[in-house]
Amino acid sequence: MFLQNSVILSSIYRCWLDSRFFALLELIWTPLRNAYNDLFIVKLLRKPDTVQQAYSHSALAQVLRFICNIVVKLIAAIAKPFKNAAGTSLIVKLCSGSKILNFEFILGAFICAMFIAPHEIWNNGYALIGSFGFLLLYFIMVGLGKRELMYPEKLGFPFVLFFLSLVLSLLFSHATSDSMRVLLFFICSFVFMYVIASDISDIKRLEKLMAFLYIALILMSLYAIAQRVFNLVYVNASYTDLKANVGVPARVTSTLDNPNNYAEFIILFLPLCAAFAGTRKNFALSTLLCIGLAFPALGLVMTYSRSGWISIVLAVFVYVWLRNKKLIPALIILGLLAIPFLPASVMTRITSLTNGLFNGGHMDLSSAHRLALWQGVLYIMRDFSVVGIGLGPDSFAVIYPDYAQPGAIGGAFHTQTLYFELIVEAGLLCFISFMWMALRNIKNLIIVRRGSGAAIKPVLIACAAAFTGIAFSCCVEYIWFYPRDMFAYFILFGISIAAINIAQKEKNRL
């Protein structure tokens, strides 16, 4: 049956390629592609990363390497007596070669548990302890010769500037203790990113981690569906303008406390899980896993997150574009044909975004609030864009009331956009370094995918698609306000660095 379905899909695809409509599209596309390749910005992005090459040979990189080597040698010296004692242990002998008691399995299981834990019982201190625990364990394994040390320079020069800007922002904070709290969340995220990028050095380790992320995504989606089926969530005026969204049901939150938080998690990991599901060698298993992705897709719909919907559409478009451009017209046609079949509540939610902007009717409160909020934020950036006001909501609460504009809802905790938040909290250096880091990562993912192996290529494409999609949500949401979404972002960042390194190793072996 599976084989028959595969043959049918292949036949449809061949008919599409042989159609006159596709031939017409290809005729139009050819000159556009040539013009695109000749653009200055495209040529600039395709050039080698000379800054990174210079940084790798810089004094700063050498100092960081020296520090890492000292730490590893110190830990190895402390761990060596324990290693000799453990060598005769029956437990250690039984665990040797275990598929469960190994670093990748425990790391993946912890990350999975971190996301599926309900908001009510979750404590961000668990992530802090876990991240540094895995970092220590990684250094122990390096010291004992079980892992190869990855120097911090592999994270890139923009990351150094980004981290430096966050630390320096403490000097200008208007609420130092809260800023230090938020900085700890950033450090925790960076540790997860470094550990994953360092340890995931081959496709098997990567697939273990992806399997746990798939499990987390499915379990969280089933919980979200249960919230709707058993009426565990209620219509909340703080999430939805009830006047502009008549008939829109309660928005599911899953384990992440807020529907937008949950939507952002799906955007980050749904493309990666799709790549994992679609690359299983067992066709029956691959089909089953692909069908399972309908649950997070349904979960995303039930969040009623408009930015989430736009972001996932953008991510799907980029994924298909990088995977097979010939399917783009068919994707657009299918998308247009699907519009009449959307539920009325979804259409109401979509149209509420533009109500009042063009017809003079009631404007959605969340849209009106953002517009008024951003007016005040622009004045804050005018006065504090160089050094920022400090990390965290407490600093924002101190400064914002003096800049609040009519129409903004009182008690704002942040700027409702990641890009403004970076400038407001830590200044222009933070914003520039982050944009450099994020765009550099997407660029590397897209470039290295060319000629990469069949197993790693979908992962590279999925990461590029996820980061491109979430970039839109960053325009209208401060996606890092909820720490677990911050952890998720940099966990995916670590996976993308690991995937790039794996692809480059594969190419070097050829």
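Right, let's walk through the structure included here. These numbers were taken from a predicted model, which means no experiment stands behind them.

Bringing the overall build of the protein into the picture now. If you tally the helices and strands in the protein, you get 22 helices and zero strands. Evaluated residue by residue, the protein yields a buried proportion of 46% over its 510 residues. At a minimum sequence separation of 6, the contacts of the protein that also span at least 24 residues come to 78%. Put simply, the protein shows about 25100 Å² of open surface, and 70% of that area lies on carbon and sulfur atoms.

Turning to the pattern of salt bridges, a few remarks are in order. Opposite charge on two side chains lets them pair, provided their charged atoms get close. What the rule picks out here adds up to ten salt bridges. A salt bridge links glutamate 207 to arginine 280, with the nearest nitrogen and oxygen atoms 3.3 Å apart. Separated by 73 residues along the polypeptide, glutamate 207 in helix H11 (residues 203-229) and arginine 280 in the loop between helix H12 (259-278) and helix H13 (283-292) bring together distant segments of the chain. We classify arginine 280 as buried; its relative accessible area is 16%. One continuous salt-bridge network, built from bridges that share partners, spans Glu104, Arg147, Asp199, Asp202 and Arg205.

Moving on: a nonpolar patch on the surface. Residues Phe21, Leu24, Leu27, Ile28, Ile333, Leu334 and Leu337 make up a contiguous nonpolar surface patch of about 700 Å² in total accessible area. Only helix H2 (20-37) and helix H16 (328-338) provide two or more residues apiece to the nonpolar patch. No other element matches the four residues that H2 contributes to the nonpolar patch.

A separate point is the nonpolar core. Within the largest apolar cluster, 120 residues are counted, with the highest numbers of intra-cluster contacts made by Phe162, Trp480 and Tyr489. The element best represented in this core is helix H22 (residues 483-509), accounting for 15 residues. The residues contacting phenylalanine 162, other than those within four sequence positions of it, are Phe186, Phe190, Leu422, Cys430, Ser433, Phe434, Met437, Trp480 and Phe490.

Let us now look at the side chain of serine 198. Structurally, serine 198 is set in helix H10 (residues 176-199). Of note is the side chain of serine 198, whose polar atom sits 2.6 Å from the backbone oxygen of tyrosine 194.

Quick look at helix H14 (residues 294-303) now. Within the sequence span of H14, burial applies to Pro296, Gly299, Leu300, Met302 and Thr303. For H14, the angular spread of buried residues about the axis comes to 165 degrees, placing them on one side. If you follow the buried residues of H14, they end up packed against H11, H12, H13 and helix H15 (306-323). Residue tyrosine 304 follows H14 closely and has a positive phi angle near 50 degrees.

Attention shifts here to the packing of aromatic side chains. Inspection of every chain in the model, using the stated rule, returns 41 aromatic pairs. Plain terms: the ring middles of phenylalanine 162 and phenylalanine 190 are 5.9 Å apart, the flat faces sit at 65 degrees to each other, and that makes the pair edge-to-face. Within this pair, whereas phenylalanine 162 is found in helix H9 (residues 157-168), its partner phenylalanine 190 is found in helix H10, the two being separated by 28 residues in sequence. Note on phenylalanine 190: relative accessible area 5%, which makes it buried. An angle of 70 degrees between the planes, with centres 5.2 Å apart, marks the rings of tyrosine 489 and phenylalanine 490 as edge-to-face.

Here the focus is empty space enclosed by the protein. Applying the stated criterion across every chain yields a total of one cavity of 30 Å³ or more. In terms of lining residues, the largest cavity is bounded by Leu166, Phe186, Leu391, Glu421, Leu422, Glu425, Ala426, Cys430 and Tyr478. At five residues, helix H20 (residues 418-448) tops the list of elements feeding residues into the lining of the largest cavity. Of the residues in the lining of the largest cavity, the class split is seven nonpolar, no polar and two charged.

Next up on the list: the state of the cysteines. Counting across every chain of the model gives zero disulfides. With no disulfide of its own, cysteine 475 lies closest to cysteine 474 among cysteine sulfurs, the gap being 7.1 Å.

Turning our attention to helix H21 (residues 457-476). Here H21 contains 20 residues, and its C-alpha end-to-end distance of 30 Å stays within 8% of the 28 Å for a straight helix at 1.5 Å per residue. Of all 20 residues that make up H21, 14 are buried, and the element is covered over most of its length.

Roughly 1200 Å³ of volume is contained in the largest pocket. Along the walls of the largest pocket sit 47 residues, with Asn260, Ser366, Arg370, Gln416 and Glu477 positioned nearest its centre. For the lining of the largest pocket, the elements supplying multiple residues, two or more each, are H12, H15, helix H18 (365-384) and H21. In terms of residue count, H18 provides more of the lining of the largest pocket than any other element does, seven residues in total.

Reading the values: rules and limits
- Residues numbered from 1 in each chain as written.
- Predicted model: local features only at pLDDT ≥ 70, side-chain atom pairs only at ≥ 80, totals over all residues.
- Heavy atoms only, no water.
- Helix = DSSP H or I, 4+ residues; strand = E, 2+ residues; numbered from the N terminus.
- Buried < 20%, exposed > 50% of the residue type's maximum accessible area, 1.4 Å probe, protein only.
- Contact = heavy atoms within 4.5 Å.
- Areas by Shrake-Rupley, 256 points an atom, 1.4 Å probe, with all protein chains shown as cover.
- Salt bridge = Lys/Arg side-chain N within 4 Å of Asp/Glu carboxyl O.
- Patch = residues over 30% accessible without salt bridge, like charges linked within 9 Å, V, L, I, M, F, W, Y side chains within 5 Å.
- Core = buried A, V, L, I, M, F, W, Y, C linked by side-chain atoms within 4.5 Å.
- Polar contact = N/O pair within 3.5 Å; in protein donor to acceptor, adjacent residues only side chain to side chain.
- Arc of directions from axis to C-beta.
- Phe/Tyr/Trp six-rings, centres within 6.5 Å; stacked < 30°, edge-to-face > 60°.
- 1 Å grid on protein atoms, 1.4 Å probe; cavity = no way out; pocket = protein on both sides within 12 Å on 5 of 7 lines; lining within 4 Å.
- Points joined across faces, edges and corners; volume = space filled by probe spheres on them.
- Nonpolar A, V, L, I, M, F, W, Y, C, P; charged D, E, K, R; others polar.
- Disulfide = S-S within 2.5 Å.
- Expected span 1.5 Å × (residues − 1).

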